[in-house]
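A closer look at the structure
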Amino acid sequence: MDLPEEILAHIFSFLPLQDKCNAFTVCKAWSNIMTHPSSWKDTEVRCESGTSVPDRYSALLPLVRNLKLRMCLTDPANRKTALWVLRQAVARGDGRLEGLSICCVGNTPLFYAGQDLQQGLVDILTNGSSLTVLDLRGVPFTLSDSFVRSVAMLCPALQSLYINNHSLVCGVNAETLRQVLKSCRSLSILGVFQASLSQDVLKDLMLPERPALKKLELRCERSVKYTVPLCDQIWLELKLRHPCLWVELELDHTLPELHVPGVLQPSIPVRCLRLLTWTLLLHEVRIVRQSYANTLEVLELQTIPSPELNSELIALAKQCARLQEVHCYCVVSQEVITAFITNCPNLCRFTLKTHKEPHPWTSRLK
């Protein structure tokens, strides 16, 4: 009780909404602190079955600066509640809401395309938006071209945009992405599907009037096979234009194996690489240690165990000294573990097992 109100308000800001409501009822002092704007700066609202937002707290939602909406899609009422919460935070917030993250949990209803959520979000943002961060990686449905274009036009202040969600296919083409870059001139962090990129998109990112590009997240899946491969030269030019750029690549199991080498261009400044293909990755691991040894910090593999893989991983450990995390979801030899611990001084977390364990595998701290 001797902590300053500002410190308590900061602590309370990390609580999800229901816990904020519980803290409100503890005592008069806490009740007063819960009306402090700092208590609502970062708020997670869970819209799941059997939960609702008490009416008495709706007046405090406009105080939220960074909102995370977590909803179960199974019940349409949850989606309706989530849109209501967002409407309170945006329409009555006088431009306070800066960050929005949407995460969906539970089983997605059969044939559900998320049209109500996409249209609802556009309708709410039509009244004016000051969003600088929009994270849609947690939605399971395909984001349409029209939706992404509308969001970009309604949120010109965006600095971070993540639309590299885990839908089955990419729904955003390169021309839409170029329109996003024209509308959102302050974008410095971008998460998209690899299939949404083109030579013209990368050239737009290199225009002299654009701000420094800090981070590029790319999700590579089956749609890549319908696009024109990006040559290594364009990546080299992008890296020269944005020397502080770092790239996170995720290759999932739907990406045809013959397209993997074309994605792993040597001039991409890859800092985080997730090879989630469940295929033989001997050639790919060799490419990684030859091309990304000076930049790679996080590596995740889902592949098939073999003595040849052990040899490639040992060689990789000797060359990629900047690695901070390694997660290999197949059994490896003890020599592999020893190689990473010995040769990677910055290694702080790893998942390397010499025998199978029940799912999920847990990582270890060095």
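Heads up: the structure comes first, above all this text.
Now for a look at the structure at hand. The numbering scheme is per chain: residues are counted from 1 as the chain's sequence reads. It should be noted that, the model being predicted, local features are given only for residues of pLDDT at least 70 and side-chain atom pairs only at 80 or more, the latter also being counted only at that level, while totals for whole chains, interfaces and linings use all residues. For side-chain calculations, the full set of non-hydrogen atoms in the structure is used, while hydrogens and water are omitted.

Turning our eyes to something else, we now look at the packing of aromatic side chains. Pairing of aromatic side chains here covers Phe, Tyr and the six-membered ring of Trp, requires ring centres within 6.5 Å, and sorts the geometry by plane angle: under 30 degrees stacked, over 60 edge-to-face, intermediate tilted. All told, the structure shown has three aromatic pairs when counted by the stated rule. For the ring pair Tyr112 and Phe141, a centre distance of 5.8 Å and an interplane angle of 85 degrees mean the geometry is edge-to-face. With Tyr112 in the loop between β3 (99–105) and α5 (115–125) and Phe141 in the loop between β4 (133–138) and α6 (145–154), the pair connects residues that are 29 residues apart, well separated along the chain. Buried residues are those whose accessible area, probed at 1.4 Å on protein chains only, stays under 20% of the maximum for their type, while exposed residues exceed 50% and partly exposed ones sit between those limits. Judged by relative accessible area, Tyr112 falls into the buried class, the value being 16%. When the centroid spacing of 6.3 Å and the interplanar angle of 40 degrees are considered together, the rings of Tyr329 and Trp361 count as tilted. Here the residue Tyr329 occupies a position in the loop between β11 (325–328) and α13 (334–343), and Trp361 occupies one in the loop between β12 (349–351) and β13 (364–365), the gap between them amounting to 32 residues. Secondary structure is summarised from DSSP: a helix means a run of H or I of at least four residues, a strand means a run of E of at least two, and numbering begins at the N terminus for each.

So, on to α13. Listing the buried residues of α13 in full gives Val336, Ile337, Ala339 and Phe340. Along the long axis of α13, the arc covered by the buried residues comes to 160 degrees, so they all point the same way. Across from the buried face of α13, at angles greater than 90 degrees, the exposed residues are Glu335 and Thr342. Throughout, the arc means that of the directions going from the helix axis to the C-beta atoms.

Our focus in this paragraph is the pattern of salt bridges. When a carboxyl oxygen of Asp or Glu is within 4 Å of a side-chain nitrogen of Lys or Arg, the pair counts as a salt bridge. Applying the stated criterion to the full structure yields 19 salt bridges. Where Asp135 meets Arg137, a salt bridge forms, and the shortest distance between an N and an O atom there is 2.7 Å. What makes Arg137 partly exposed here is its relative accessible area of 31%. Salt-bridge contacts for Arg178 lead to Asp200; the nearest nitrogen and oxygen are separated by 3.8 Å. Residue Arg178 is located in helix α7 (residues 174–183), and its partner Asp200 is located in helix α8 (residues 199–205); the two are separated by 22 residues in the primary sequence. In this structure, a network of salt bridges that share partners links the residues Asp135, Arg137, Lys215 and Glu217.

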